[in-house]
Amino acid sequence: MNFEHRHAAHCESGVISNMLRHHGVPMTESLAFGLASALTFAYFPFIKLSGLPLISYRMPPRSIIKGMLAPLAARFRFETFGNPQAGQARLDALLAEGQLVGLQTSVYWLPYFPPQMRFHFNAHNLLVYGKDGDDYLVSDPVFETPMRCGSADMARARFAKGVLAPKGLLYYPQKIDRKTIEPEAIVKAIRKTVRTMQAPVPLIGVRGMRTLARKLASLPAGDARTVDYIGHMVRMQEEIGTGGAGFRFIYAAFLEEAAQIASMPRLVEFSNRMTEIGDGWRRFALKAARMVKGREPVDPPALAGLLRGQADQEEAFFRDLKRAVA
């Protein structure tokens, strides 16, 4: 298959942009992320990961892929399977037809990941573009070069159990009727992101940040569980699917592209502001990590203050962005 692998910051946006480019759509990772209105913030204390709350900086898995359907007048086929044998047979059949196939997998079972990077996360996306003997030819966008994965390892990765179990999910486009991005689609996507970040719900968007800040400020500094909580926040921000700062940088790049596509030069100013917001998230993570490693005293109220500062910046940003695209 004449497929071009491109490195990306995030698996799902990288997979869909690589797949669409393969099918003739001039798509970048940042444009896919922004068009899908994937940027958000969510704090769900009732959903636990190893006993700690889910904190997310992007919309749920598959939202970026499905977010491409309307702007491109596209239809994708999604298939799941009851057992690994059926899943492998279908994948092999599609590859034999010359189809480029997206897969949802578990990071833990992919042998080309370094051991220190493997953890039980079942929503990692990758592309398979061929098979050589028993090895699948893999375009994993978080790696700089294509990889190989044996069929037994791929089966384990596709049929891992637990939260977000992939159930062998594979997907590919059946039609793409529009291969250019319309200015109206850009504006619509930005407005959707603004609504999400301004949601009148205490767990979503800017209000979700402030709810988490209150929880953080209440944690006792001398409790070992507080260090675990802070470390969990850093991991959710910086390691799970690119994280808070990374997603802000991707959205900043989207706004820069959107300024040209939609003939709205003022969006470049917003791109610069979002980059500064991403820098703030990185400073937050750095301070939290220093506390976890014992290089600074554990000070939950200080971290809560930084988090409130991020909320204030994003509140002003999305208020102004709403006016700019009104």
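Check the entry above for the structure.
Residues numbered from 1 in each chain as written. Predicted model: local features only at pLDDT ≥ 70, side-chain atom pairs only at ≥ 80, totals over all residues. Heavy atoms only, no water.

Now for the overall build of the protein. Each helix and strand in the protein was counted, giving 11 helices and eight strands. Here the C-alpha radius of gyration of the protein, 20 Å, is about what a compact globule of 326 residues would show, namely 20 Å. Referenced to the eigenvectors of the C-alpha coordinate spread, the extents of the protein come out at roughly 55 × 50 × 30 Å. Looking at the 326 residues of the protein, the share that counts as buried comes to 52%. In the protein, 69% of the contacts between residues at least 6 apart in sequence involve partners at least 24 apart. Put simply, the protein shows about 14,300 Å² of open surface, and 53% of that area lies on carbon and sulfur atoms. (Helix = DSSP H or I, 4+ residues; strand = E, 2+ residues; numbered from the N terminus. Rg over C-alpha atoms; globule rule 2.2 N^0.38 Å. Buried < 20%, exposed > 50% of the residue type's maximum accessible area, 1.4 Å probe, protein only. Contact = heavy atoms within 4.5 Å. Areas by Shrake-Rupley, 256 points an atom, 1.4 Å probe, with all protein chains shown as cover.)

Another point: empty space enclosed by the protein. All told, the structure shown has one cavity of 30 Å³ or more when counted by the stated rule. The calculated volume of the largest cavity comes to roughly 40 Å³. Lining the largest cavity we find Pro-84, Gln-88, Leu-91, Tyr-136, Ser-151, Met-154, Ala-155 and Arg-158. Secondary structure elements with two or more residues in the lining of the largest cavity: helix H4 (84–96) and helix H5 (151–158). The dominant element in the lining of the largest cavity, judged by the number of residues it contributes, is H5, at four residues. (1 Å grid on protein atoms, 1.4 Å probe; cavity = no way out; pocket = protein on both sides within 12 Å on 5 of 7 lines; lining within 4 Å. Points joined across faces, edges and corners; volume = space filled by probe spheres on them.)

Bringing the pairing of strand E1 (residues 39–49) into the picture now. Pairing between E1 and strand E2 (residues 52–58): six bridges, direction antiparallel. Each bridged residue has a counterpart across the sheet, and for Tyr-43 the counterpart in E2 is Ile-55. Taking the residues between adjacent antiparallel strands as the criterion, E1 and E2 are bridged by two residues, where Ser-50 takes a positive phi near 55°. (Pairing = 2+ DSSP bridges.)

Before going further, it helps to spend a moment on the nonpolar core. Counting 79 residues, the largest nonpolar core has Met-27 and Ile-190 as the members making the most contacts within it. Sort the elements by how many residues they give to this core and helix H9 (residues 243–261) lands first, with nine residues. Setting aside anything within four residues of it in sequence, one finds Ile-190 in contact with Tyr-251, Phe-254, Leu-255, Leu-267, Leu-321 and Val-325. In terms of nonpolar packing, the next biggest core, distinct from the first, is built from 22 residues, Leu-94, Tyr-112, Phe-143 and Tyr-172 among them. (Core = buried A, V, L, I, M, F, W, Y, C linked by side-chain atoms within 4.5 Å.)

What follows is about the environment of Asn-125. Relative to the elements of secondary structure, Asn-125 occurs in strand E5 (residues 124–132). What makes Asn-125 buried here is its relative accessible area of 3%. Sequence separation between Asn-125 and Glu-276 is 151 residues, and the spatial gap between their C-alpha atoms is 29 Å. Excluding its chain neighbours within four sequence positions, the residues that come into contact with Asn-125 are Cys-11, Glu-12, Val-15, Ile-65, Leu-103, Gln-104, Asp-140, Pro-141 and Tyr-171. Here the side chain of Asn-125 touches Ala-123 through a polar contact of 3.5 Å, landing on its backbone oxygen. Among the polar contacts made by the side chain of Asn-125, one reaches the side chain of Tyr-171 at a distance of 2.7 Å. (Polar contact = N/O pair within 3.5 Å; in protein donor to acceptor, adjacent residues only side chain to side chain.)

A few words now on the packing of aromatic side chains. Enumeration according to the criterion identifies 16 aromatic pairs in this entry. Between the aromatic rings of Phe-33 and Phe-247, the centroid separation amounts to 5.3 Å while the plane-to-plane angle is 10°, which identifies the pairing as stacked. Placement of Phe-33 in helix H2 (residues 29–35) and of Phe-247 in helix H9 is noted, with a sequence separation of 214 residues between them. Here Phe-33 matches Phe-247 in class, with each residue buried. (Phe/Tyr/Trp six-rings, centres within 6.5 Å; stacked < 30°, edge-to-face > 60°.)

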